[in-house]
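# Understanding the architecture of this molecule
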Amino acid sequence: FSPVVFPLSCVVQNYSWGKVGLESEVAKLLTSGDPLVQIQPDRPYAELWMGTHPRGDAIIRDNRIPQKTLGQWIADNPACLGAKVKDTFQGCLPFLFKVLSVNTALSVQAHPNKELAAKLHAQFPEHYPDANHKPEMAIALTPFEGLCGFRPVEEIVSFLQNVPELQALIGEVAAEQLERSGSDDPRGVSAALRVCFTRLMKSEKKFFVDQLNMLVKRISQEVEEGKDTSGSNGELLLRLHSQYPGDIGCFSIYFLNVVRLEPGEAMFLGANEPHAYLHGDCVECMACSDNTVRAGLTPKFIDVLTLCEMLNYTPAPSTSKIFPAVQSQLDPNVYLYDPPVPDFAIMRIEIPASIKLYLISAMDSASILLVIQGTAVGTSTAAASEMSLCRGSVLFISANESISLHLSSPDGMLLFRACCLL
């Protein structure tokens with residue numbers, strides 16, 4: 001007998017922008033899930049990867065299974081994906097599930113669509129490691145802040161008027177064109193926005209560093225004098241500048257929406273949507289790819305030309321960036337985040353303390369289950385032995401298998417389940 005539901009031990013990425021030591025939700029989940037894990041207090045714990053990506057293939061924690069990793073096991077048992085998923089995605093798990101703990105900003109970036117990904121991968125495989133698109137969705141675990149999508153034009157125009165250093169980088173002609181485009185057809189607006197953003201991102205290094213220093217100095221003085229700096233987004237500018245001094249990405253806050261999510265709220269980032277996570281903890285799910293086109297707030301390879309060419313220049317208010325969860329008709333404890341792509345969906349499962357027996361229902365897709373809070377014993381005919389679940393536990397569930405949870409925590413449970421709904 002070989003189990004088809006089993007616990008996983010997942011890979012941590014220690015990127016420099018991550019929260020440090022036990023301030024990190026990633027680190028907290030790790031040590032709760034496995035008390036033997038040693039958390040180093042001065043090390044960043046940025047991402048937990050739950051999936052089969054070659055740079056972080058999860059390890060199977062069931063000694064009855066001969067395969068070491070989830071990727072190897074799925075390759076040998078592709079039927080576990082579910083018939084439709086297996087056929088659509090060539091026998092591979094189509095998503096990568098993550099937890100992120102963000103302390104300092106991630107780079108201003110966008111992810112290519114399939115067509116562009118194939119082209120970039122063929123031309124520059126060292127920077128674009130695969131040929132897949134990478135839509136992604138983030139669901140806040142703690143108050144979460146990010147930049148996402150272009151602001152409404154009137155907001156950008158107002159910053160151009162309040163921030164002379166920004167106007168200097170873009171130039172009067174482009175700035176006026178954007179102001180005048182306000183009443184135009186949407187294509188005119190997008191074209192003007194593209195010119196302005198491209199001019200900013202391609203400005204001469206020495207020139208933009210000088211302008212940035214002038215701006216930081218001016219806002220710092222205003223803060224000291226107790227003035228309101230919201231007209232130039234002062235608080236965020238100073239914070240980003242302290243993290244990435246002299247980086248062109250600091251100016252992106254005048255073009256991109258600042259989106260603040262409360263726990264349980266989500267944002268979806270489609271192809272070509274400019275974004276940068278700024279602070280907080282979230283679960284994230286994405287198509288299985290590592291393709292990122294970057295242009296600021298990073299010491300990594302930046303590809304400004306590709307980024308400026310590919311972006312979606314449609315302005316929209318920040319409220320429109322919050323992606324709604326829909327409560328399930330079949331099970332009121334389940335909230336579904338179902339983005340407009342086939343590769344993945346996420347369920348948030350909130351089990352109240354009054355429920356002592358709960359069924360994680362079978363579905364026609366492999367799924368990965370993450371426990372954020374609560375404890376239970378899981379039983380499944382597909383596992384043939386009891387699994388103890390607690391904060392930080394991660395389970396792989398093959399298609400068409402269910403799990404009974406026998407809850408033992410006084411506060412109920414909070415779970416997230418990543419799957420593919422075709």
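Rules used throughout
Residues numbered from 1 in each chain as written. Predicted model: local features only at pLDDT ≥ 70, side-chain atom pairs only at ≥ 80, totals over all residues. Heavy atoms only, no water. Buried < 20%, exposed > 50% of the residue type's maximum accessible area, 1.4 Å probe, protein only. Helix = DSSP H or I, 4+ residues; strand = E, 2+ residues; numbered from the N terminus. Arc of directions from axis to C-beta. Contact = heavy atoms within 4.5 Å. 1 Å grid on protein atoms, 1.4 Å probe; cavity = no way out; pocket = protein on both sides within 12 Å on 5 of 7 lines; lining within 4 Å. Points joined across faces, edges and corners; volume = space filled by probe spheres on them. Nonpolar A, V, L, I, M, F, W, Y, C, P; charged D, E, K, R; others polar. UniProt positions renumbered as here; feature names shortened; annotations may be inferred. Polar contact = N/O pair within 3.5 Å; in protein donor to acceptor, adjacent residues only side chain to side chain. Domains from an automatic or database assignment. Buried area = accessible area lost by both parts, 1.4 Å probe. Salt bridge = Lys/Arg side-chain N within 4 Å of Asp/Glu carboxyl O.

### A look at helix 10 (residues 234–243)
Buried residues of helix 10: Gly 234, Leu 236, Leu 237, Leu 240 and His 241, and no others. What you see down the axis of helix 10 is that its buried residues fit within an arc of 165 degrees, all on one side. Away from the buried face of helix 10 by more than 90 degrees, exposed residues Glu 235 and Ser 242 are located. In this structure, the buried residues of helix 10 make contact with strand 8 (144–150), helix 9 (205–224), strand 9 (256–261) and strand 11 (275–287).

### Looking at the environment of Val 108
Residue placement: Val 108 occurs in strand 6 (residues 108–110). Taking the relative accessible area as the measure of exposure, Val 108 reaches 1% and is therefore buried. Taking the C-alpha atoms as reference points, Val 108 and Ile 248, separated by 140 residues in sequence, lie 9.7 Å from one another. Discounting chain neighbours no more than four positions away, the residues touching Val 108 are Gly 249, Ser 252, Leu 256, His 275, Ala 276, Val 293, Arg 294, Ala 295, Gly 296 and Leu 297.

### Some points on the layout of surface pockets
Estimated volume of the largest pocket: approximately 550 Å³. In terms of lining residues, the largest pocket is bounded by 30 residues, among which Tyr 15, Gln 109, Thr 292, Arg 294 and Lys 300 are the most central. Looking at the lining of the largest pocket, the elements with two or more residues in it are strand 3 (47–50), strand 5 (95–102) and strand 11. Among the elements that make up the lining of the largest pocket, the one with the highest residue count is strand 11 (4 residues). Classifying every residue of the lining of the largest pocket by side-chain character gives 14 nonpolar, 7 polar and 9 charged.

### Observations regarding the UniProt feature "active site" (unreviewed entry) in the protein chain
Using the residue numbers shown here, the UniProt feature "active site" (unreviewed entry) corresponds to Arg 294. Accessibility expressed as a relative area gives 17% for Arg 294, which makes it buried. Setting aside residues up to four positions removed in sequence, Arg 294 forms contacts with Ser 107, Val 108, Gln 109, Lys 300, Phe 301, Ile 302, Asp 303 and Val 304. There is a polar contact of 3.3 Å between the side chain of Arg 294 and the side chain of Ser 107.

### Points about the domain arrangement of the protein chain
What the domain assignment lists for the protein chain is domain 1 (1–151 + 255–304 + 311–342) and domain 2 (153–254). Taking the mean C-alpha position of each, domain 1 and domain 2 sit 30 Å from one another. Listed as interface residues are 25 residues of domain 1 and, on the opposing side, 30 residues of domain 2. Buried surface at the junction of domain 1 and domain 2, both sides included, amounts to about 2200 Å², of which 66% is carbon and sulfur. On the domain 1 side of the contact with domain 2, Arg 151, Phe 255 and Tyr 313 bury the most area, a combined 42% of that side's loss. Counting across the domain 1 and domain 2 interface gives 2 salt bridges.

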